[in-house]
Every structure is written in structure tokens, then in C-alpha cells.
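Commentary on secondary and tertiary structure
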Amino acid sequence: MALTDRSSGHSRLRWLVVAIPYLWLILLFLAPFLIVVKISLSTSAIAMPPYTPALDFTAGLGALWEQIKEFTFDNYVFLTEDALYWESYLSSLKIAVISTFLVLLIGYPIAYGMARARKEWRTTLLMLVILPFWTSFLIRVYAWIGILKPEGLLNQLLLYLGVISEPLNIMPSTLAVYIGIVYSYLPFMILPLYATLEKLDETLLEAAADLGCPPTQAFWKITFPLSLPGVIAGCFLVFIPAMGEFVIPDLLGGSDTLMIGKTLWAEFFSNRDWPVSSAVAVVLLAILVVPIMLFQRAQKKAAE
Amino acid sequence: MRRGGSWFNVTAITLGFAFLYLPIVLLVVYSFNASKLVTVWGGFSTKWYVSLLSNQGLLDAAWVTIRVALLSATLATVLGTLAAIALVRFGRFPGGTLFSGMVYAPLVMPEVITGLAMLLLFVAIGFARGFWTLTLAHITFSMCFVAVVVQSRLVTFDRSLEEAALDLGCPPFRTFFTITLPLILPAVVAGWMLAFTLSLDDLVISSFTTGPGATTLPMKIYSQVRLGVTPEINAICTILIAIVATGVIIASIVTKRREVERQRAERLAIQGV
């Protein structure tokens, strides 16, 4: 509190520190979303920009009102009529939920092992988890193409070992998408899990053991409940972006792998229908707004 | 209890890290493959690296990518550090919830949404798409990652040093540069590096916000990957991995050394007393 209002110069400085990033985010992060909503209510047109009405604020209030009256909900109606869209949403939801669960299942033992490793090893292990996290998403997905494709390394190995006689068709398929998501998002789960598990008070486990509690039971009664903040943070960090994933289903998935990120991309880049892609984005955001807000609450709580 | 679980821990770590690293190792190994067929080993060769040097399109893309990454990481670090200070020090101010919401949302927001939203903004205000729109978009999403990294350092920060400086009449602006900034510098540098790699790697947001003449390396790689796996892509990916790995390893060694030095200084100080 010693820092508050020492001088008028200080409060002006303080105002600037808040205002600069605040304004930046309002102009470049919040305002764009309002524009997305606006365009999702517009009609597609062959023009640049390819939608009408393009609100012209210089034309006066009357003209502006005429333009606003052109807004329609047709794009949203269209999303409900074409099965492609709601099937994409459902399939994304299913893939994101299952992958989040798989990442948790694989990530938890790794984070647990890291937190229980000897102290001098922990920093190195942590760096080894962070390193792939810093490596390009695209590169890591690309690495799997060489492994999973029909004439890829995995099939060659299995054929060589005599496990299979025909190459497996793992890629492109939904299975390959699961592998890609689990692989790419694993560090996002391990890092928050490790952070909570490392802080865990080990005397609690010793006390449980002294009182005759078997290790498995001690894990479920003490370790797991205490690591829940990490579990929750990790699940949000995986689930929310996985829901809108584009690169993984596009490169590893087949034509039958529907994901909404891929559908939005195709709508925008191939069909060039900006209003419909905006409507797709608005609905996706509406689905994700609750998880995103829960994630923010967890982040804020962790920061305090 | 710990002894009973230790074989389990070792297995979990070994398998986990094998899973994380095997694909990357294979990618790097096959970039030195003499055979054009990516999955058939034809002997050691560096010819794909040599052929990269004559690929003008790729070199142009690399140049654009590096310029965008340097510029956007630097500005994102300034903005992100300010945002972190605002979040930690000035906790409650009007619209504070909206502010923290805007800082955390881009961390998880699907990139297709952010990319589309920013593109529509640039079109709506009539900003010509290209190098600058790309840079603005990269600053916006990476500043939030910088803010989170710096914030975690500021939370554990000992404020008595700052207060001492202020009590001795040091103006706030100078206090920040002589006391606060040197102490949070490792986090600021880590934030810059994270912003730099995020910008270097980004495909989706870049594809939406770029314009003619500003193709980045990931966009170039993506369009080639769609046509199939080639040793040349393995080579360029290996170079990118090497750059990132070198940076992260140097940074962690430097941080560790500083930490050891600080601890020694503290010990000496205590002994001196």
C-alpha cells in the first residue's frame, strides 16, 4: 500500500501502465469480436469486403439505420439446416472431451513421476517437458505424418517384426487425430499438474502410511484431491483449444474427420463466405464461453 | 511409500519422454537421409540443407518470419510487462475484471476464432493486409503469454526493496528501472523468448491476417506438407527446432548460474553479518 498515491506524477504513471495494454486489448482483441458478431448478421456478397451491409458511419444516422435493418439471422438458421455444421460441433466436442481425458491419463503419471524425482533431476526434467512445448505445433504434427502414413515408419516396423502382414491405415483417420492431439497437448497438461504435485506436503502421505493407509488409497484420498487445481487447469488448457483445433484434423484426419475448426477454415478460405464463417465462430465462442470463464477464474485464483 | 512407487515413476517418466521425443528425433534423423523417399534410409547426407539455400521462396519467407518475430516479440514484451504490473500491483481498478479476462482469454482461445476476428477488424478499418497486420496480430496474442510469465514472477516479488527506494525519495519511474526491472528481468527475457517462438511458429492466425507479399515460414511449410512429406521440409524443421532448443537451453543455463551466484552472495552476506 506504500505505493499508492505518493504524488500526482505517480498516479499519472500508474494510469498509463494500466491504460496502454488495456486500450491495446480493447482495440485489437475485444473490438474484433464485436465485428465478427456484426458480420455474422450480414449477407454474403460478391464485393470487397464480401458482405453487406458494410456499415458506413459517415453516411449519417438515417442511412446507418437503413443499413442496420438489413441485418438478418439467416446465417444462424443456415447453420441449423445443414447437418455439416452441427455434426462438426458435436464431433469436435467428442474429440476434445476424449482427448482431454486421454491426455490427463497419460500426463498424470509423468507429472507424478517428475514431482517425485530427485531434486537435482527436476529442473532438467521440467526443461525437457517445456522444450517440445516451445517447438512449433506444425512441426510436431508433421513429425507424426512420417510415422503414421501407410508407407510410414510405424507400418515398416510392424511389417518387419511380422506383427502385421498388410500396412495399417492409421493415417488419415480420426485415430491419427487423437494421437496428434494427445501428443501436441501433453505438455499443457503436465506443466500445471507438476506445479501442484511438486508443492504437495509429503508429511501428509507419511502420516497416512504411519496410520496404516495403503499407498493406493493414500493416493486417491490425499494426492489426487490436492492436485485437483492442476487437473482442472490442465483440462481447460487442453479442452478449449482442442475444440477449435485446425492443423491436426487437417493434416492427420481423413475427409470423414469433422472438426469445427476445419469447417470454419474451409468456409472462409475455400467458399469465401465470410458471414457464415463468422456465424460458425460466434456459435463456437458461445459453446466455449463458460469453460473460458471458468479457466480465467482458476487462473486469477492461482495468481493471487 | 516412495520406494514402492519408484519403479512406476521411472517407467512413467521414461515412456512419457520417449513418446514426447521419438517423433522429433526421427524427424531430425530423416532430414539427413540421402534418399528422396522420406521413409527409406539411403545413407547420411546434408544435401537437403544445401538445397534449402537455393530455395528463394523459402528464404524470403524466413526473412519475413524473423522480422515479424523480432518486432512483435519486443513490443509484446513491453505491453505484456505493463499488463502484468497492472494485474498484480493495481489489482482492483474500474474494468479490472474485463482487463484480466482479455489477458487470459487469448491463452486458450481457438486460433481460428482469433485469426478470423482480427482479419475482419483489419478489413473493416481498411488497413491493407501484409507485414504490419501480421505484426499487430502477433503482438496481440503473444503479449498475453508475456503477461502471464511476468505476472508469476511479480507475485513472488519482495516489495520492501521498492518501498525502501521510494521512501528514500527515488521517483517511481526510476525505482522501476533501477530496482524492479533488474529483479524481474529473467521473467521478462523468458517472456520475450516465448513471444518470439510463438510468432515464429504461428500458422493459423498468420494465414488469416497476412496479405500479398508477407508469407511466413510456417505458411510455406504448411502448403508443402499438404503436398506430402519431403526431406527438405525435414531439414527446415530441424533448423527451426535447433534454433528454439539452443535458445531455451542457453536461457536455462544462464538462469541457473544467476541463481547459484545469488545464493552464494546471500550466504556471504549472512556470514558477513
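Because the structure is a prediction, the values reported are computed rather than measured.

Conventions and cut-offs
Counting restarts for each chain: residues are numbered from 1 in the order of the written sequence. A letter from A marks each chain and a number from 1 marks each ligand, given out in the order of writing. Whole-chain, interface and lining totals are the exception, using all residues; otherwise, since this is a predicted model, local features are given only for residues with pLDDT of at least 70 and side-chain atom pairs are given and counted only at 80 or more. Note that water and hydrogens are dropped before the side-chain values are worked out from all heavy atoms of the structure. Helical segments are the DSSP runs of H or I of at least four residues, strand segments are the runs of E of at least two, and each set is numbered from the N terminus. We call two residues in contact whenever any of their non-hydrogen atoms come within 4.5 Å of each other. Per-residue accessibility takes into account occlusion by the displayed protein chains alone, with areas from the Shrake-Rupley method and a 1.4 Å probe. Here the globule rule is a power law, 2.2 Å times the number of residues to the power 0.38, and the radius of gyration is based on C-alpha atoms. When a residue's accessible area, from a 1.4 Å probe over protein chains only, is under 20% of the maximum for its type it is buried; when over 50% it is exposed; and in between it is partly exposed. Note that His is not counted, nor are the chain ends; the positive residues are Lys and Arg, and the negative ones are Asp and Glu. A charge is said to be at NZ when it belongs to Lys, at CZ for Arg, at CG for Asp and at CD for Glu. The angle between two axes is taken between their N-to-C directions and runs from 0 to 180 degrees, where each axis is a line fitted to C-alpha atoms and a helix contributes only its stretch in contact. Charged means Asp, Glu, Lys or Arg here, nonpolar means Ala, Val, Leu, Ile, Met, Phe, Trp, Tyr, Cys or Pro, and polar covers whatever is left, Gly included. UniProt positions are given in the numbering used here, feature names are shortened, and annotations may be inferred rather than shown by experiment. What counts as a salt bridge is simple: a side-chain nitrogen of Lys or Arg found within 4 Å of a carboxyl oxygen of Asp or Glu. Accessible-area loss on putting two parts together, using a 1.4 Å probe and summing over both, is the definition of buried area adopted here. Residue-level confidence of the predictor is what pLDDT reports, using numbers from 0 through 100. In protein, a polar contact requires one atom able to donate a hydrogen and another able to accept it; more generally it is a pair of N or O atoms within 3.5 Å, and residues adjacent in sequence count only if both atoms are side-chain atoms. Residues form patches when they are more than 30% accessible in relative terms and have no salt bridge. Like charges link within 9 Å. Nonpolar side chains (Val, Leu, Ile, Met, Phe, Trp, Tyr) link within 5 Å.

**Points about the overall build of chain B**
Per the secondary structure count, chain B includes 11 helices and zero strands. In chain B, the succession of helices and strands from N to C terminus is α-α-α-α-α-α-α-α-α-α-α. Taking the principal axes of its C-alpha atoms as reference, chain B extends roughly 70 × 60 × 35 Å. Intrachain contacts of chain B at a sequence separation of at least 6 include 70% that bridge at least 24 residues. Summed over its atoms, the accessible surface of chain B is roughly 12700 Å², and 69% of this surface lies on carbon and sulfur atoms.

**Concerning the overall build of chain A**
Regarding its fold elements, chain A presents 14 helices and two strands. By the compact-globule yardstick of 19 Å for 304 residues, chain A is too spread out, its C-alpha radius of gyration being 25 Å. In terms of its C-alpha atoms, chain A occupies a principal-axis envelope of roughly 80 × 75 × 30 Å. For chain A, with 304 residues in total, the buried portion stands at 51%. Sequence-distant contacts, at least 24 apart, represent 69% of the contacts inside chain A between residues at least 6 apart. For chain A, the exposed surface amounts to about 14700 Å²; the carbon and sulfur share of it is 69%. Treating the 19 positive side-chain charges of chain A as one cloud and the 22 negative ones as another, the clouds have centres 12 Å apart.

**Examining the environment of Leu134 of chain B**
All names here are of chain B. Tracing the backbone shows Leu134 in helix α6 (residues 131-155). Relative accessible area serves as the criterion here: at 0%, Leu134 is assigned to the buried category. Put simply, Leu134 and Met118 are 16 residues apart on the chain and 9.7 Å apart in space, counted from C-alpha to C-alpha. Each residue touching Leu134, except ones within four places of it in the same chain, is listed here: Val68, Ser206, Thr209, Thr210, Ala214 and Thr216.

**Some remarks on the packing of helix α4 (residues 83-116) of chain A against helix α13 (residues 260-269) of chain A**
The angle between the axes and the distance between the axes are what describe a pair of packed helices. All names here are of chain A. Look at α4 against α13: their axes get within 8 Å of each other, and the N-to-C directions meet at 145 degrees. Taken together, the residues of α13 that come into contact with α4 (itself represented by Leu84, Tyr85, Ser88, Tyr89 and Ser92) are Ile260, Thr263 and Glu267. Residue classes in the contact of α4 with α13 are distributed as four nonpolar, three polar and one charged.

**Description of the UniProt feature "domain: ABC transmembrane type-1" (unreviewed entry) in chain A**
In the numbering adopted here, UniProt assigns the feature "domain: ABC transmembrane type-1" (unreviewed entry) to residues 89-295 of chain A. Across residues 89-295 of chain A, the secondary structure splits into 80% helix and 0% strand, with the terminal C-alpha atoms separated by 21 Å.

**Comments concerning the UniProt feature "transmembrane region" (unreviewed entry) in chain B**
All names here are of chain B. As recorded in UniProt, the feature "transmembrane region" (unreviewed entry) lies at residues 7-32, 68-90, 102-125, 131-155, 176-198 and 233-254. Counted over residues 7-32, helix gives 92% and strand 0%. Its end C-alpha atoms are 36 Å apart. Within the segment residues 131-155, helix and strand shares are 100% and 0% respectively, and the terminal C-alpha atoms sit 36 Å apart.

**Thoughts on the pattern of salt bridges**
Evaluated as defined, the whole model comprises four salt bridges over all chains. In this structure, Glu202 of chain A engages Arg116 of chain A in a salt bridge whose closest nitrogen and oxygen atoms are separated by 3.8 Å. Taken together, the positions of Glu202 of chain A in helix α9 (residues 202-210) and Arg116 of chain A in helix α4 put the pair 86 residues apart, joining distant regions of the chain. We classify Glu202 of chain A as partly exposed; its relative accessible area is 23%. The class of Arg116 of chain A is buried, set by a relative accessible area of 8%. Between Glu162 of chain B and Arg89 of chain B there is a salt bridge; the shortest N-O distance is 2.9 Å. Highlighted residues: Glu162 of chain B in helix α7 (residues 160-167) and Arg89 of chain B in helix α3 (residues 56-89), separated in sequence by 73 residues. Classification of Glu162 of chain B by relative accessible area gives buried; the value is 4%.

**Observations concerning the interface of chain A and chain B**
Interfaces are frequently sized by the accessible area removed from exposure as the parts join. Counting residues at the interface gives 89 residues for chain A, matched by 95 residues for chain B. Interface of chain A and chain B: buried area, both sides summed, is about 8600 Å²; carbon and sulfur atoms make up 80% of it. Taken together, chain A and chain B are joined by one salt bridge. In this structure, Asp250 of chain A and Arg226 of chain B form a salt bridge, with 3.5 Å as the shortest nitrogen-oxygen distance.

**A few points about α13 of chain A**
The buried fraction of α13 of chain A is high, at eight of 10 residues. If you check which residues of α13 of chain A are buried, you get Ile260, Gly261, Lys262, Thr263, Leu264, Trp265, Glu267 and Phe268 of chain A.

**Describing the confidence of the model for chain A**
Any segment with low pLDDT has predicted coordinates that should not be analysed in fine detail. When the pLDDT values of chain A are averaged, the result is 84; 91% of them are 70 or greater. Segment residues 1-7 of chain A: pLDDT under 50, and 11 contacts once partners within four positions in sequence are set aside and those in other chains are kept.

**Points about the side chain of Asn155 of chain A**
Residues and elements named next belong to chain A. Inspection of the secondary structure puts Asn155 in helix α7 (residues 153-161). By relative accessible area, Asn155 is classed as buried at 1%. Within the structure, Asn155 has its side chain in polar contact with the backbone nitrogen of Leu168 (distance 2.8 Å). Those residues in contact with Asn155 that sit more than four places away from it in its chain are Ile147, Leu148, Lys149, Pro150, Ile164, Pro167 and Leu168.

**Brief notes about the UniProt feature "transmembrane region" (unreviewed entry) in chain A**
Residue and element names in this part refer to chain A. In the numbering used here, UniProt assigns the "transmembrane region" (unreviewed entry) feature to residues 12-35, 95-113, 125-145, 175-197, 218-242 and 274-295. Split by type, residues 12-35 is 100% helix and 0% strand. Its first and last C-alpha atoms lie 32 Å apart. The span residues 218-242 is 96% helical and 0% strand by assignment, and the distance between its end C-alpha atoms comes to 33 Å.

**A short note on a nonpolar patch on the surface**
Residues and elements named next belong to chain A. Residues Trp86, Leu90, Leu93, Val97 and Ile287 make up a contiguous nonpolar surface patch of roughly 440 Å² in combined accessible area. A total of four residues in the nonpolar patch trace back to one element, the largest contributor, which is α4. Tracing the sequence through the fold places Ile287 in helix α14 (residues 274-303). Residue class for Ile287 comes out partly exposed when judged on its relative accessible area of 34%.

**Regarding the environment of Ala195 of chain A**
Among the secondary structure elements, Ala195 of chain A is positioned in helix α8 (residues 174-199). A C-alpha to C-alpha distance of 38 Å links Ala195 of chain A and Ser277 of chain A, two positions 82 residues apart in sequence.

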